[in-house]
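Chain and residue survey
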Amino acid sequence: MNAVLAVKQYVSKMIEDSGPGMKVLLMDRETTGIVSMVYTQSEILQKEVYLFERLDSANREAMKHLKAICFLRPTKENVELLIQELRRPKYSIYFIYFSNVISKSDVKSLAEADEQEVVAEVQEFYGDYIAVNPHVFSLNLLGCCQGRSWDPAQLSRTTQGLTALLLSLKKCPMIRYQLSSESAKRLAECVKQVITKEYELFDFRRTEVPPLLLILDRSDDAITPLLNQWTYQAMVHELLGINNNRIDLSRVPGISKDLREVVLSAENDEFYANNMYLNFAEIGSNIKNLMEDFQRRKPKEQQKLESIADMKAFVENYPQFKKMSGTVSKHVTVVGELSRLVGERNLLEVSEVEQELACQNDHSSALQNVRRLLQNPKVTELDAARLVMLYALHYERHSSNSLPGLMTELKNRGVSEKYRKLVSAVVEYGGKRVRGSDLFSPKDAVAITKQFLKGLKGVENVYTQHQPLLQETLDQLIKGKLKDSQYPYLGPNTLRDRAFVPTRPTGPDGAYLRRLESTSYKIKFVIGPQDSSVTATLLKTKHGSSTFCMNQATTYEIAAGEGMLLPGDPDGTRLIPCLSQMTTITYLPIQKSCKVTLSESPSRFRLKRGT
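Residues numbered from 1 in each chain as written. Predicted model: local features only at pLDDT ≥ 70, side-chain atom pairs only at ≥ 80, totals over all residues. Heavy atoms only, no water.

**Section: the overall build of the chain**
The condition is simple: A run of H or I in DSSP counts as a helix once it spans at least four residues, and a run of E counts as a strand once it spans at least two, with each numbered from the N terminus. Categorising residues by exposure relies on relative accessible area from a 1.4 Å probe, with only protein chains included: less than 20% of the type maximum marks a residue as buried, more than 50% marks it as exposed, and the intermediate range marks it as partly exposed. We call two residues in contact when some of their heavy atoms are within 4.5 Å. Here the Shrake-Rupley method, with its probe set to 1.4 Å, supplies the accessible areas, and only the displayed protein chains count as covering residues.
Secondary structure assignment for the chain yields 21 helices and 19 strands. Residue burial in the chain is summarised as follows: out of 611 residues, 52% are buried. In the chain, once contacts between residues fewer than 6 apart in sequence are set aside, the share between residues at least 24 apart is 80%. Looking at the chain as shown, the accessible area adds up to about 28500 Å², and 50% of this sits on carbon and sulfur atoms.

Set out below in structure tokens:
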């Protein structure tokens with residue numbers, strides 16, 4: 001299962017189906033981001049796509065020598081814009097692809113608008129999500145819930161994105177959801193409704209062990225998103241911010257013009273792919289090795305060109321040298337800025353106290369350390385507020401709770417009201433009354449034993465002691481020990497449904513899934529947030545109110561890929577490989593698609609589904 005490959009295959013198929021000749025790629029705001037995550041502009045240029053336009057752009061010129069490949073979300077706005085486009089076509093021929101299911105009435109409206117018969121075909125290609133990494137996707141949604149209820153528009157978009165992912169990966173899963181979360185249940189029901197309604201699209205070849213869609217709620221673990229992270233990708237998200245693989249470095253002191261915006265993509269950057277889940281200390285060492293390797297190669301590239309053979313060798317090697325030069329400059333700049341921010345914000349000391357609040361139960365020590373950092377002028381407003389939030393969550397019902405005093409200290413040090421309001425909001429959102437699990441005092445005998453042994457052994461790194469609740473949940477799932485009473489199936493568990501989670505994935509979540517894929521369980525996962533930021537988004541309020549918009553139904557997409565444990569086999573001695581491992585294929589077929597062809601009358605379209 002590879003989300004990036006799934007979307008990339010769709011884009012490739014669109015271009016191939018349009019045939020030879022010069023082309024324009026016509027997109028909307030969302031599909032522009034979807035395509036940019038899987039293809040670079042230079043890669044698409046090699047496929048004879050020479051122009052990239054937005055459908056809603058008012059100043060597009062007519063270019064009758066170009067073929068138009070339209071990749072659009074099937075929204076009412078896009079359908080209306082496309083109708084206007086077909087009535088006054090600017091290009092010679094149109095190949096129309098929608099990123100999700102389109103209604104028959106909209107297809108009819110498009111057919112009626114195509115009076116000049118410029119539409120060659122209309123298809124549904126289910127790339128309706130942002131493929132961040134092979135096992136991570138996003139919908140780039142913010143504030144999907146108001147209080148503890150779904151925003152209807154966001155629920156609809158989340159359902160569309162998730163079902164599109166299922167179709168693109170050719171999965172029809174069993175569905176389980178977190179019983180303590182009404183939002184998780186609501187989303188599970190919506191996904192199930194789509195699968196039932198579009199049963200022909202989900203009619204994939206059955207596997208002996210069906211995939212699983214597990215839907216969780218971030219409110220069960222509000223701790224993980226509040227912690228500073230120390231892996232490369234997570235630090236970039238947290239400290240610099242990243243949007244569709246792009247990082248804005250324009251505010252970095254002394255930054256050069258060429259590096260004001262850089263792209264970090266595991267698909268096109270080998271160093272980033274190899275280091276994105278490593279700790280910051282390891283990144284520093286690897287950056288040094290990258291620099292030394294670059295310096296060793298540099299003199300060879302700059303030697304005198306005394307013969308035709310020398311010139312030929314230089315021309316052949318120069319692109320690789322130039323690419324390496326750009327990689328070195330980019331990562332040295334990014335890591336340098338991360339290092340500057342760590343020192344400027346005193347993050348090492350802050351993180352150590354955060355870990356103590358998340359993992360230890362010494363109230364007196366924790367309170368003393370929080371108060372000490374609140375007096376430190378280097379600690380930012382955000383970090384100070386997060387420390388108090390962590391304290392509030394952990395010691396919510398402690399007999400010596402000192403939260404009122406800490407709130408007073410926040411106010412005295414000038415922390416803005418919007419941050420102070422979030423302390424009570426986070427407790428309301430993810431406090432003990434809401435949580436379906438006990439994050440700090442496990443009652444399960446096995447969990448207590450593990451915690452005790454961990455205390456005896458100590459920790460290798462005080463900054464990474466905390467393990468996300470997702471890790472424990474998936475461990476139980478893999479071993480067949482996830483309780484049906486807490487995570488029930490939606491409908492009979494013999495039906496072929498799938499696994500999904502409303503929660504916000506963080507650095508530790510993604511890193512854990514990466515490690516889990518390489519274990520003997522041989523389980524493949526795809527994890528999908530509704531948005532791609534971390535704490536900044538998590539802590540947003542609406543118009544200064546105390547509503548805690550921590551994306552209560554941010555989603556994880558989790559599904560079996562290479563194999564899955566058989567029921568009644570918790571030790572994993574009998575692994576059943578999935579279809580992709582049982583069959584020999586030389587070409588990965590394009591994911592489930594729906595093709596629309598013109599009948600003899602240009603005013604009517606005949607819909608063919610599942611081609």
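Now, onward.
**Looking at helix H4 (residues 76-87)**
Applicable threshold: Working rule for helices: expected span equals 1.5 Å times residues minus one. Think of it as the arc spanned by the lines of direction from the helix axis to the C-beta atoms.
Between the first and last C-alpha of H4 there are 17 Å, a value that for 12 residues agrees with the 16 Å anticipated at 1.5 Å per step. Residues of H4 that are buried include every one of Asn78, Val79, Leu82, Ile83, Glu85 and Leu86, and no others. Down the axis of H4, the smallest arc covering the buried residues is 160°, so these residues share one side. Exposed side chains of H4 directed beyond 90 degrees from the buried face belong to Lys76 and Glu77.

**A short note on the nonpolar core**
Rules: For this analysis, a nonpolar core means a set of buried residues of the types Ala, Val, Leu, Ile, Met, Phe, Trp, Tyr and Cys, connected via side-chain atoms within 4.5 Å.
One finds Tyr129, Ile175, Val191, Phe202 and Ile215 to be the most contacted residues of the largest nonpolar core, which totals 69 residues. Among the elements that make up this core, the one with the highest residue count is helix H1 (residues 3-17) (8 residues). Every residue in contact with Val191, bar those within four places of it in the chain, is listed here: Thr159, Leu162, Thr163, Leu166, Ile175 and Leu213. The next biggest cluster of nonpolar side chains, apart from the first, holds 35 residues, and it includes Ala222, Val415, Val423 and Val427.

**Some thoughts on a nonpolar patch on the surface**
Threshold: Candidate patch residues must exceed 30% relative accessible area and have no salt bridge, after which like charges are joined if within 9 Å and Val, Leu, Ile, Met, Phe, Trp or Tyr side chains if within 5 Å. Salt bridge, as applied in this entry: a Lys or Arg side-chain nitrogen positioned within 4 Å of an Asp or Glu carboxyl oxygen.
On the surface, Met22, Leu45 and Tyr50 cluster together into a nonpolar patch covering about 270 Å² of accessible area. Tracing the backbone through its elements, the reader meets Tyr50 in strand S2 (residues 49-54).

**Some remarks on unusual backbone geometry**
One non-glycine residue, Asn244, adopts positive backbone phi at about 50°. Residue position: Asn244 is located in the loop between helix H8 (232-240) and strand S12 (246-248). One non-glycine residue, Asn346, lies in the positive phi region at around 55°. By the secondary structure assignment, Asn346 is in the loop between helix H11 (308-344) and helix H12 (347-359). Given the relative accessible area of 14%, Asn346 is considered buried.

**Some details on the environment of Ser219**
When you line up the elements, Ser219 lands in the loop between strand S11 (212-215) and H8. On a C-alpha basis, the gap between Ser219 and Val427 in space is 9.6 Å, while along the polypeptide they are 208 residues apart. Residues in contact with Ser219, not counting those within four places in the same chain, are Arg148, Tyr429, Gly430, Val434 and Arg435.

**Quick look at the confidence of the model for the chain**
Spelled out, the test is: The pLDDT score gives, residue by residue, the confidence of the prediction method on a 0 to 100 scale.
Averaged over all residues, the pLDDT of the chain is 79; the fraction at 70 or higher stands at 74%. Confidence over residues 452-459 falls short of pLDDT 50; this stretch has 3 contacts with residues more than four positions distant or in other chains. Low pLDDT, under 50, characterises residues 494-504; the predicted model gives this stretch 90 contacts beyond four residues in sequence or across chains.

**Let's talk about the pattern of salt bridges**
Here the structure, examined in full by the defined rule, presents 21 salt bridges. The shortest N-O distance in the salt bridge between Glu43 and Lys8 comes to 4.0 Å. Of this pair, Glu43 sits in helix H3 (residues 41-45) while Lys8 sits in helix H1; the two residues are 35 residues apart in sequence, bridging distant segments of the chain. For Lys8, a relative accessible area of 22% translates into the label partly exposed.

**Remarks on the pairing of strand S10 (residues 174-177)**
Spelled out, the test is: With its strands directed away from the observer, a crossover is right-handed exactly when the path from the first strand over the helix to the second travels clockwise.
A two-sided burial pattern is seen for S10, the buried positions comprising Met174 and Arg176 on one face and Ile175 and Tyr177 on the other. With helix H7 (residues 182-197) bridging S10 and the parallel S11, this β-α-β connection has left-handed handedness.

**Topic: the packing of aromatic side chains**
The condition is simple: Pairing of aromatic side chains here covers Phe, Tyr and the six-membered ring of Trp, requires ring centres within 6.5 Å, and sorts the geometry by plane angle: under 30 degrees stacked, over 60 edge-to-face, intermediate tilted. Only lysine NZ and arginine CZ atoms are considered, and such an atom sits over a ring when it is within 6 Å of the ring centre and within 35 degrees of the ring normal.
Counted under the stated rule, the structure contains 8 aromatic pairs. Ring centres of Tyr129 and Phe137 lie 5.8 Å apart, and the angle between their planes is 75°; on these two criteria the pair is classed as edge-to-face. Judged by relative accessible area, Phe137 falls into the buried class, the value being 0%. Among the aromatic side chains, those forming a connected cluster through ring pairs are Tyr10, Tyr97 and Phe125. Sitting over the ring of Tyr489, Arg176 keeps its end group 4.6 Å from the ring centre. When the ring centre of Tyr419 is taken as origin, the NZ or CZ atom of Lys418, which lies over that ring, is 5.2 Å away.

**What to know about the packing of H4 against helix H5 (residues 104-113)**
The criterion, for reference: The angle between two axes is taken between their N-to-C directions and runs from 0 to 180 degrees, where each axis is a line fitted to C-alpha atoms and a helix contributes only its stretch in contact. In these notes the angle categories are as follows: under 35 degrees is roughly parallel, over 145 is roughly antiparallel, 65 to 115 is roughly perpendicular, and the rest is oblique. Here is the rule for handedness: rotate from the far helix to the near one, and if that takes an anticlockwise turn smaller than a right angle the crossing is left-handed, while a clockwise turn gives right-handed.
Remark: H4 packs on H5, axes separated minimally by 8 Å, with the N-to-C direction vectors making an angle of 20°. Considered as vectors, H4 and H5 are oriented roughly parallel to each other. Viewed along their axes, H4 and H5 form a crossing whose handedness is right-handed. Contact residues: H4 offers Val79, Leu82, Ile83, Leu86 and Arg87, while H5 offers Asp106, Ser109, Leu110 and Ala113.

**Overview of the packing of H12 against helix H14 (residues 381-394)**
Applicable threshold: Gly falls in the polar group here, along with every residue not listed as nonpolar (Ala, Val, Leu, Ile, Met, Phe, Trp, Tyr, Cys, Pro) or charged (Asp, Glu, Lys, Arg).
Axis separation between H12 and H14 bottoms out at 9 Å; the angle between their running directions is 10°. The angle between H12 and H14 places the two elements in the roughly parallel class. Of the residues in H14, those touching H12 at Leu347, Val350, Val353, Glu354 and Leu357 are Asp383, Arg386, Leu387, Leu390, Tyr391 and His394. For the contact of H12 with H14, the class distribution of residues is 7 nonpolar, 1 polar and 3 charged.

**Focus: the environment of Glu30**
When you line up the elements, Glu30 lands in helix H2 (residues 29-36). Glu30 sits in the partly exposed class, given a relative accessible area of 24%. Residues Glu30 and Tyr129, spaced 99 residues apart in sequence, show a C-alpha to C-alpha distance of 8.6 Å. Those residues in contact with Glu30 that sit more than four places away from it in its chain are Arg73 and Arg157.

**Regarding the side chain of Gln355**
Along the chain, Gln355 turns up in helix H12. In this view, Gln355 contacts Leu227, Gln360, Val462, Tyr463, Thr464, Gln465 and His466; residues no more than four positions away in its chain are not counted.

**Considering the environment of Val379**
Looking at where Val379 falls in the secondary structure, it is placed in the loop between helix H13 (363-374) and H14. Of the residues examined, Val379 reaches a relative accessible area of 3% and is grouped as buried. Distance from Val379 to Glu344, taken between C-alpha atoms, is 8.4 Å for residues 35 residues apart in sequence. When neighbours within four sequence positions are excluded, Val379 is seen to be in contact with Arg345, Asn346, Val350, Leu373, Ala384 and Arg413.

**What to know about the side chain of Lys67**
Keep this limit in mind: Charge convention: Lys and Arg are scored as positive, Asp and Glu as negative, and His as well as the terminal groups of each chain are ignored. Under this definition, polar contacts are N or O atom pairs within 3.5 Å; protein pairs additionally need one hydrogen-donor-capable and one acceptor-capable atom, and for neighbouring residues in sequence, both atoms have to be side-chain atoms.
One can find Lys67 in strand S3 (residues 67-72). No salt bridge is formed by the buried Lys67; its nearest oppositely charged neighbour, Glu48, is found at 7.5 Å. Only 2.8 Å separates the side chain of Lys67 from the backbone oxygen of Ser18, close enough to count as a polar contact.

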